[in-house]
Amino acid sequence: MHFSFSVMASEQQLSAIKGSKVLMVGAGGIGCELLKTLALSGFPDIHIIDMDTIEVSNLNRQFLFRQSHVGQSKAKVARDAVLKFRPDINITPYHANVKDPDFNTARRHVNRLCLAAGVPLVESGTTGFLGQVTVHVKGRTECYECQPKPAPKTYPVCTITSTPSKFVHCVVWAKDLLFAKLFGDRNQENDLNVHSKDGSSSSKQAEDVFERQKEENIEQYGKRIYDHVFGYNIELALSNEETWRNRNKPRPIYVKDVFSSELASQNGNLDKSSNGDPPSLSAMASLGLKNPQDLWTLKENSKVFLEALKLFFSKREKEIGNLSFDKDDQLAVEFVTAAANIRASSFGIPLHSLFEAKGIAGNIVHAVATTNAVIAGLIVIEAIKVLQHDIKNYRMTYCLEHPSRKMLLMPVEPFEPNKSCYVCSETPLDLEINTHCSKLRDVVDKIVKAKLGMNFPLIMHGSALLYEVGDDLEEDEVANYAANLEKVLSELPSPVTGGTILTVEDLQQELKCSINIKHREEFDEEKEPDGMILSGWTQPRAAEKNGKTAVDSEVSTSSASEAVPLETEDDDDLQIIPTITGKKRKLSDISNETKNKRKAEELDSKNDVVMLDDENSDMSKKKREQ
Amino acid sequence: MDGEELTEHETALYDRQIRVWGADAQRRLSKSHILVSGLKGTVIEFCKNIVLAGVGSVTLSDDRVVTEELLAANFLIPHDENVYAGKSLAELCCHSLKDFNPMVRVSVQKGDLSSFSVDFIEKFDAVVVSCCSLSTKKLVNEKCRKVSKRIAFYTVDCRDSCGEIFVDLQNYVYSKKEDAEMIECRLEYSSFEEAIAIPWRSLPRRVSKLYLAMRVIERFEELESRNPGDTSIADLPNVQKLRKELCEAHSLSESLIPDTLLERLLASTTEFPPVCAIIGGVLGQEVIKAISGKGDPLKNFFFFDSMDGKGIIEDISKVKAEG
C-alpha cells in the first residue's frame, strides 16, 4: 500500500523508512504504542526484545495484550497482535529465558553497544503524565551516560533500625528487615535485633528470638515476635536516652495492649474452599477487610500481622527461608503493610492503606496509556529524522504535565557530548581505596560491575592481566583469577597501590576506561559503607549527595519538575540481550547476534536505529537489594 | 459498573492509573458516557485511550464505508476486504474497541451527526467531533451548551503531519491541591463559534500559524460546500485568494500563513500515524481530566506540528466584558 504521509515527504524519506531495520528494547507501556505506530508508519523490519511476561496490571495501557494473555511473553504477543493489522511486515520477537541479575545496567549496556556499533539510539521514558524522548548519536550528541542520573533512594541504616520519621522508613524496615528475617534466608546478615534479655538465664541471651521453640504453636510464635519487635526492641531503643533528646519517643506496643482481653486470632475458618479450588491466602480475606484503600486501625493492622504470619507458617511453610518480597504476593504485601503500620503507630507516623504501602514497598510507578502514546509518536518522528541523517533537526522532547511558555510538548536541541563522560569520551576515573585491606573482589563487585556497569570485565595493571571472565579460559587461568579476587590489592601478583593505573574493559560493550588508584586509610562506615570512593564517574544529583538526609520518599510526579531529564522507576525488568556467554567477541559477532544477519545489499548500519523505550527503568529496587 | 466501590477486578486492572488520578476519579470515569464522531486515525487513538481508561460507555458515529484511505492510520481494522466489506467504520471499530476493555460499553449510533437531537446529546458527558463541517461543529457545540448539565465539547482535526484540538468546557469549576491546600479554580470557555469569531488582530501574540491556516481552509470548505478534508493541491490558488481576503479583512500580514503550510493542509488526505498518536493522546488525557474533575484542563486550543515538534496551547477566548 502506497501512501504519502506528507506532501513535504520526499522519496528519500519514504525509502529511508522502507529500507530500515529497527530494534526496540521493551514491549511494555511505551513498547506497545511504539510498535503499533512504527507498523502504521510503514516500518517493514522491526525487532523487539522484552523478557517480561504479561500481568493484569499491564492491561490498562499495554493494549496489545488481553486478559487471556496473562503469563505469556510480551514480545511475542505484541508481535502477533500487530501482524493482525499489518500482516506484511516483519516483526521478530526475542523473549529471553533467564533474568540477568544485573539488569539495572540494561540501559547503559544498550547505550554502550550502540556507541560501539555506531548505531543511533532513541531513548525514552514516562512516569504518569511526564515523558521524554532523546536521540543519542555517537560523537554528535550526548550519550545516555553523559548526564548524571539520580541515584536510587537509600536511607541510612539507623533511620531504618532506630529512628524512622516517615512511613517509607517503616516500609523498608518491614520489608528488608522483618520480612527478610522471618521468611527469607536466616543466615543473611540482618540489622534486626534478635536477642532478648531474659533476666533468669544469661545463656538465653544468645538465643535467636526468631527461632521457633519446641511446643510453640504458630499463634504463640506470632505473638512472641510481635511483642519482640514492637515491644521489647522499642524499650531497648528507649533505654538509649541520647537518641531521643531531640526526637519524639516511640511507644512500645504489646499484643496485650492492643487486644486487651481478646485473643488475637478468632478469625473463623480459612478453608472456605469449595470446588477444590485452593483458598487464596489472604489475611484481609480471612478478616473480612475488603478495601485495599481503607486505612486500618492499629488493632486491624495487628490482626493482619498475626493472621498473615500464621498463614505463611501454616500454608506456605515450604517457601519459608527462601522468600523474597514480591509486590504481587498478596500475603507478603499484607504482612509488610501491617508491620509498617504498627511501627508507624509506635513512632507517631501516620498510617497508610495497603494500596499506598504496596506502591512504596513495590516501587510501583504510576502509568497511563495517553502519555505512552504521545511519547511513541515522538519517538517515531525522531527515528525518521535519524534515518535521514537530518542531524540539525534532532530534538530532545519533553512531554510536560503543565505547559511551560505555552508548550505541553517541548523540543530542545540535543546537547553535545560531555567531554568528561568516561563512557563516550574515555576520561580516566579516580578510586580512593585502602589497598592493604580491600580485595580485588570488592573492586570488581562494587566498582566495575555495580558502578561502571560492566558485565564481563577485564582488568589489567599495565600488561599484567589481573582478572577476566570468559568461556574460553584455561583451568589454570580460572584458578589464578579466582585466587586474585581474594587477594588484597597491594598483594596481587602485580601489586596495586597508590598511583597505580588500572585499565578496565568490557569487550562486549567495547568500553574501556582507566582508573587511577589513590590509597586512603580510613573510611566512614556510615557515609562510605563501601569502603571506597569512585570519582569522575557520573555523580548522583544534589538531592542524594548527602546520604544522611532522608530523601522525600514518595515516588511522585511532582508538578514542579518540568523540563528535566527523567529518571523513572520500574516495576518491570528489562533484559536486553538474550544470552550472554561472556566469550571475548568481536564487534561483528555481537552485531550479528543481536541484529541478525544482514544482507549485503542492505543499507549500511547508519540506517539502523535502536529504540530503548521503557516506561520505567528500575535502578532503585535492585540497588537496595544489594 | 453501578456500585459505589470499584470492584476487585477494576482495582487490579486500573491499579497503575489509580495511582495517578485516584480511586474517586476512576469511579467518575466509569460512570461517564462519551459520544465520538469521525473515526479516522487520530480519533481511533483517542477511543483506544478512553476505553483503556475505563469510561462507562463510548458511542461511535461514522456511517462511512471503509476505504483503503480511511484504513491508513487505523489499527483496529484488518486490511481484509472479506472482513470489512459492506460495514461502516463505526461498526468495525466498535467490534475491535470492545476487546480492549470488556468493562466499557461500546456501541454504534447510525445517522448524521447534525441530525442528532438535543435529547440524544444530553445523554453524554463529553462529545468529540472530527471530520465534520464548520456548520456541524457549531451546531453540535450549541446543542451541548443548550442543556443544563455540562457537556464537554471537543473538536479534533489532523491533516498531513499536524493537528488541532479545540476544547469547550463552558463554565468549569474544579479543585486542586496547591501547597497542601485545596483551592477552587474557575474557567470560562468560549464556544467554537465565539472563539473563531475573535478578530485576528486580537489574538495572542505570535499565535500559532496553524490556527490561522486551519481557519482559512475551514472557510474555504464552507464556501465551496466541500466535505471536510475534500481538498487537493489544485485548490491552492483559490485558497491563496481567500487568504488574501481574510488577511485584509483582519488587517493581518499574509506572511503569517505560509504557502508551505497551506499546501500541506490541502494536499495530504491521509494522516501521519505518529501525529495521530500524539494528538489522540493529548485529547484522551483532556477528556479524562474533564470527566474526572482532576487536573488543569487545556484552554482552549492545542496545536502540534511535527515540522517543529512543538505542542502548543493557545487561549483564544472571548474576553469577558467589564462590569
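About the criteria used
Residues numbered from 1 in each chain as written. Chains lettered and ligands numbered in written order. Predicted model: local features only at pLDDT ≥ 70, side-chain atom pairs only at ≥ 80, totals over all residues. Heavy atoms only, no water. Helix = DSSP H or I, 4+ residues; strand = E, 2+ residues; numbered from the N terminus. Buried < 20%, exposed > 50% of the residue type's maximum accessible area, 1.4 Å probe, protein only. Lys, Arg positive; Asp, Glu negative; His and termini not counted. Salt bridge = Lys/Arg side-chain N within 4 Å of Asp/Glu carboxyl O. Polar contact = N/O pair within 3.5 Å; in protein donor to acceptor, adjacent residues only side chain to side chain. Contact = heavy atoms within 4.5 Å. Core = buried A, V, L, I, M, F, W, Y, C linked by side-chain atoms within 4.5 Å. Phe/Tyr/Trp six-rings, centres within 6.5 Å; stacked < 30°, edge-to-face > 60°. Lys NZ or Arg CZ within 6 Å of the ring centre and 35° of its normal. Buried area = accessible area lost by both parts, 1.4 Å probe. Pairing = 2+ DSSP bridges. Axes fitted to C-alpha atoms, helices over the stretch in contact; angles between N-to-C directions. UniProt positions renumbered as here; feature names shortened; annotations may be inferred. Expected span 1.5 Å × (residues − 1). Arc of directions from axis to C-beta.

A.B. asks: Hey, could you run me through the side chain of K175 of chain A in this one?
C.D. replies: Residues and elements named next belong to chain A. The topology assignment puts K175 in helix α6 (residues 167–183). In this structure, K175 is buried with no salt-bridge partner, the nearest side chain bearing the opposite charge being D176 at 4.4 Å. Side-chain polar atoms of K175 contact the backbone oxygen of A361, separated by 2.8 Å. Not counting residues within four places of it along the chain, the set of residues in contact with K175 comprises A180, F325, V336 and A361.

A.B. asks: How should the nonpolar core be read in this particular structure?
C.D. replies: Soluble globular proteins tend to pack their nonpolar side chains together in the buried interior. In this structure, M611 of chain A together with L39, L60, Y154, V287 and F302 of chain B are the most contacted members of the largest nonpolar core, which totals 119 residues. With twelve residues, helix α13 (residues 369–387) of chain A is the largest single contributor of residues to this core. Dropping the residues within four chain positions of it, L39 of chain B is found in contact with I44, C47, L60, D62, R64, L89, A90 and C93 of chain B. Of all hydrophobic cores here, the second largest spans 63 residues; its members include C170, L177, L311 and A339 of chain A.

A.B. asks: Could you clarify how one ought to interpret the packing of aromatic side chains in this entry?
C.D. replies: Going through the model one piece at a time under the given rule, you end up with 28 aromatic pairs over all chains. Ring centres 6.0 Å apart and planes at 85° place the aromatic pair F179 of chain A and F325 of chain A in the edge-to-face group. A residue pair is termed long-range when its members are at least 10 positions apart, and F179 of chain A in helix α6 and F325 of chain A in the loop between α10 (298–315) and α11 (330–346) qualify at 146 residues. For the pair formed by F179 of chain A and F325 of chain A, the shared burial category is buried. Here W244 of chain A and F347 of chain A contribute two aromatic rings whose centre-to-centre distance is 6.3 Å and whose plane-to-plane angle is 45°, an arrangement assigned as tilted. On the criterion of sequence distance, the pair formed by W244 of chain A in the loop between α7 (218–238) and α8 (255–259) and F347 of chain A in the loop between α11 and α12 (354–361) is long-range, its members being 103 residues apart. Using a relative accessible area of 4% as the deciding quantity, one classes W244 of chain A as buried. Residue classification places F347 of chain A among the buried residues on the basis of a relative accessible area of 12%. The structure contains a cluster of three or more aromatic residues connected by ring pairs, namely W173, F179, F183, Y221, Y226, F230, F305, F312, F313, F325 and F335 of chain A. When the ring centre of F63 of chain A is taken as reference, the NZ or CZ atom of K48 of chain B above it lies at 5.1 Å.

A.B. asks: When you look at the interface of chain A and chain B in this model, what are you seeing that I'm missing?
C.D. replies: How large an interface is tends to be reported as the accessible area lost when its parts come together. On the chain B side, the residues contacting the 55 residues of chain A number 61 residues. Here chain A meets chain B over a buried area of about 4700 Å², counting both sides, of which 65% is carbon and sulfur. It is N60, F355 and K406 of chain A in chain A that bury the most area against chain B; as a group they hold 13% of the surface buried on that side. Taken together, chain A and chain B are joined by four salt bridges. Here D99 of chain B makes a salt bridge to R66 of chain A, at a shortest N to O gap of 3.7 Å.

A.B. asks: How do you make sense of the sheet that holds strand β11 (residues 501–506) of chain A when you look at a structure like this?
C.D. replies: Strand-to-strand pairing in sheets goes through backbone hydrogen bonds, with the strands running parallel or antiparallel. Residues and elements named next belong to chain A. Across the sheet, which stays open at both edges, the six strands sit in the order β10-β9-β11-β12-β8-β13 with mixed pairing between neighbours. In the strand order of this sheet, the two ends are held by β10 (464–468) and β13 (532–535), each with one partner. Here the average twist between neighbouring strands, direction ignored, is 25°. Strand direction decides the pairing type here: strand β9 (residues 457–461) and β10, joined by four bridges, are antiparallel. Across the sheet, residue H461 finds its bridge partner in β10, namely A464. On top of the sheet, helix α14 (residues 440–451) reaches β8 (429–433), β9, β10, β11, β12 (511–519) and β13; it is set at about 35° to β13, its chief contact.

A.B. asks: What am I meant to see in helix α11 (residues 259–267) of chain B here?
C.D. replies: Turn by turn, an α-helix covers 3.6 residues, leaving residues three or four places apart pointing in a common direction. Listed as buried for α11 of chain B are L261, L262, R264, L265 and L266 of chain B. Turning to α11 of chain B, the residues buried within the fold contact β5 (152–159), β6 (162–168), α9 (209–223), α10 (236–250) and β9 (301–305) of chain B.

A.B. asks: Before we go on, may I ask you to explain the pairing of strand β7 (residues 171–178) of chain B in this structure?
C.D. replies: Within a regular strand, side chains alternate between the sheet's two faces. Residue and element names in this part refer to chain B. In the sheet, β7 pairs with strand β8 (residues 181–188) via eight bridges, with the strands oriented antiparallel. Paired with Y174 across the two strands is C185, which belongs to β8. The loop that links β7 with its antiparallel partner β8 comprises two residues; one of these, D179, has a positive phi angle of about 50°.

A.B. asks: Sorry if this is basic, but what is going on with the UniProt feature "domain: THIF-type NAD/FAD binding fold" (unreviewed entry) in chain B here?
C.D. replies: UniProt's entry tags residues 14–310 of chain B with the feature "domain: THIF-type NAD/FAD binding fold" (unreviewed entry), counted in the numbering of this structure. Span residues 14–310 of chain B is 42% helix and 19% strand, its end C-alpha atoms 31 Å apart.

A.B. asks: Looking at this model, I keep getting lost on α10 of chain B. Mind explaining?
C.D. replies: Residue and element names in this part refer to chain B. For α10, with 15 residues, the first-to-last C-alpha span of 21 Å sits near the 21 Å given by 1.5 Å per residue. Where α10 is concerned, the buried positions are L236, V239, L242, R243, L246 and C247. Down the axis of α10, the smallest arc covering the buried residues is 130°, so these residues share one side. Away from its buried face, by an angle of more than 90 degrees, α10 presents the exposed residues K241, E245, E248 and A249. At its buried positions, α10 is contacted by α9 and α11. Positive phi appears at S251, one or two residues downstream of α10, with a value of about 55°.

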